[in-house]
Amino acid sequence: MSAKTRTLLALGVVAVAVAALLVPRLREARGEDVTPAEDSEPLEVEVRRLAPGRLVERLATVGTLLPDERVVLRSEIAGVLESIHFDEGSRVRRGDLLARLDDAELAAERDRAHHRVELASRREARQKDLLEQGLTSQEEYDLALSQLEVLQAELRLAQAQLDKTELRAPFDGRVGLRSVSEGATVDRDTPIASLQRLDPIKVEFSVPESYASRLRPGTRVRFRVKGSDRDHEATVYAAEPAVDPETRSLAVRARAPNPHDELLPGAFADVELAVREVEDALTVPALAVIPELGGKKVFVLEEGRAQARRVETGVRSETEVQITAGLEPGEKVIVSAIQRLASGLPVRERPAS
C-alpha cells in the first residue's frame, strides 16, 4: 500500500469520526430526538414539579437620601450677631430662638413709633368728642383718624423690623455646624447654620420609563445604605410629572421613618421595588432556562429521559422565571446538570435529601 493511499485512509477515518460526533448535535439543534445508547448509565438530576405560585417582579436601582426639610439659616436684616442660642448638632423645636442680633436701634425706633401712636390716639379721641358735640367738622376728624392709622402702620413696621433681629427655627429638626461667632456682622447673604428635619427621611431614585406607569403614591420600596446590613422600607409619595428625555427615566421620591437619625442625608442607597405581581404563575429557576436560536428551552423528565421543550417566558425575579407557554402544572423540570443534558438522555431523579 502506497503512502498516498494510507494518508487517504487516515483522513477518511477522521472524517467518519467527526461526522459521528456532529450528526447527533445537528439533529438535536433541529429539535430531533437523539436517543443515546440503551446501556448508558442514567444521569442523576434534580427536578422541580411545576405548581402555580405567586411571583413578584422586582426592579433594582440606586438612590440618594435627602432630608425631609432643609434650610440654611440666615438673618433677614444686616446687623451684629449679639448672641447664639443653640448648640451645634442639637435638636430644636419649631419657634425656638436660635440667634439674636443687636436690636438697640430698632427697639428705639419701635418705642418712638409707639409714643406717636399714643399721641395720635388721644388727638383722634378729642376730635371724635368735638364732632359729636358739633364743635368740629367731619373733615377735621377724618384727618386725625388718618394720622392715627398711618402711625399705627409705622408702629407695626417698626415691630416687624425688630422681630427680624431674632432668628427662630421654622420647623423641628437638627441644627448643623455654625459658620459664624457672636459679635460677627451678618447680612442676608451670611449663612449662620443649616437646619434639617431627618424624620422622616426621603430617598430619591430613578426608574426606567417602561416602569413609570406602574409606580403610584403608596408603592412600597426597600432600600439599604452602604455600611449597613439592615433593610429599610419607604413609601412613594411623589414623582416628576415627566420622563427625563436625556436619561429616559423618571425621578421618584419616597419617605421612610427615621426616629433615631440613623439614616443621614447624602448617603447612597440600593433601592429595590416590586413593579409587578403575578398570582398562579408557573416558575422555574432561571438557570434551567436555556436560550437558543429563535427562542428558549428547558429539559423535562419524561419516562426516565430528558426531553427538550420550547417555552415562552414572562415575569422574571432574581432567581425565578415565569413560564407562560410550553409547560403544564405537574410536569417535572430538570434543574441541575443542565450543560450535560441532551434530548433522549437517560436520567434519574435524585432522591430528596
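Note: the structure precedes this text.
Conventions adopted
- Residues numbered from 1 in each chain as written.
- Predicted model: local features only at pLDDT ≥ 70, side-chain atom pairs only at ≥ 80, totals over all residues.
- Heavy atoms only, no water.
- Pairing = 2+ DSSP bridges.
- Helix = DSSP H or I, 4+ residues; strand = E, 2+ residues; numbered from the N terminus.
- Salt bridge = Lys/Arg side-chain N within 4 Å of Asp/Glu carboxyl O.
- Buried < 20%, exposed > 50% of the residue type's maximum accessible area, 1.4 Å probe, protein only.
- Core = buried A, V, L, I, M, F, W, Y, C linked by side-chain atoms within 4.5 Å.
- Contact = heavy atoms within 4.5 Å.
- Phe/Tyr/Trp six-rings, centres within 6.5 Å; stacked < 30°, edge-to-face > 60°.
- Lys NZ or Arg CZ within 6 Å of the ring centre and 35° of its normal.

**Some points on the pairing of strand S18 (residues 305–316)**
Relative to S18, strand S17 (residues 295–302) is paired through seven bridges, and the arrangement is antiparallel. Residue pairing across strands places Val298 opposite Arg309, the latter belonging to S18. Joining the antiparallel neighbours S17 and S18 is a turn of two residues, in which Glu303 adopts a positive phi near 50 degrees. Pairing of S18 with strand S19 (residues 320–325), which is carried by three bridges, proceeds in the antiparallel orientation. Bridged to Thr313 within S19 is Ile323. What sits between the antiparallel neighbours S18 and S19 is a turn of three residues.

**A look at the pattern of salt bridges**
For the structure shown, the criterion picks out 28 salt bridges. Note that Asp270 is salt-bridged to Lys226, the shortest N-O span being 3.5 Å. With a gap of 44 residues between them, Asp270 in strand S14 (residues 268–281) and Lys226 in the loop between strand S11 (220–225) and strand S12 (232–239) connect regions that are remote in the sequence. Residue Glu292 is joined to Arg310 by a salt bridge in which the shortest nitrogen-to-oxygen separation is 2.5 Å. Of the two residues, Glu292 sits in strand S16 (residues 290–292) while Arg310 sits in strand S18, which places them 18 residues apart along the sequence. On the accessibility criterion, Glu292 (27% relative accessible area) is partly exposed. Each of Glu41, Glu44, Glu46, Arg348 and Arg350 takes part in one network of salt bridges that share partners.

**Describing the nonpolar core**
Within soluble globular proteins, side chains that are nonpolar tend to cluster in buried spots. Among the nonpolar cores identified, the biggest contains 23 residues, and Leu65, Val203, Phe205, Val207, Val221, Phe223 and Leu273 are the most heavily contacted of them. Among the secondary structure elements, those contributing two or more residues to this core are strand S3 (53–74), strand S10 (191–208), S11, S12, strand S13 (249–256) and S14. When neighbours within four sequence positions are excluded, Phe205 is seen to be in contact with Thr61, Val62, Gly63, Val221, Val236, Leu250, Ala251, Val252, Ala254, Val271 and Leu273.

**Re the packing of aromatic side chains**
Using the criterion set out here, one finds zero aromatic pairs in the structure. For Arg255, the ring lying beneath its charged end belongs to Tyr237, and the centroid distance is 3.9 Å.

**Considering the environment of Ala184**
Take Ala184: it is sitting in the loop between strand S8 (173–175) and strand S9 (185–186). Sequence-distant contacts of Ala184, that is, excluding residues within four places in its chain, are made with Gly79, Val80 and Leu81.

**With respect to the sheet that holds strand S6 (residues 97–101)**
Here we have four strands laid out as an open sheet, ordered S7-S6-S4-S9, and antiparallel in their pairing. The open sheet has two free edges, formed respectively by strand S7 (166–168) and S9, since each of these has just one partner strand. Inspection of the sheet shows S6 paired to S7 by three bridges, in the antiparallel sense. In the strand pairing of S7, Leu97 is matched with Arg168.

By themselves, these figures tell us nothing about what the structure is for.
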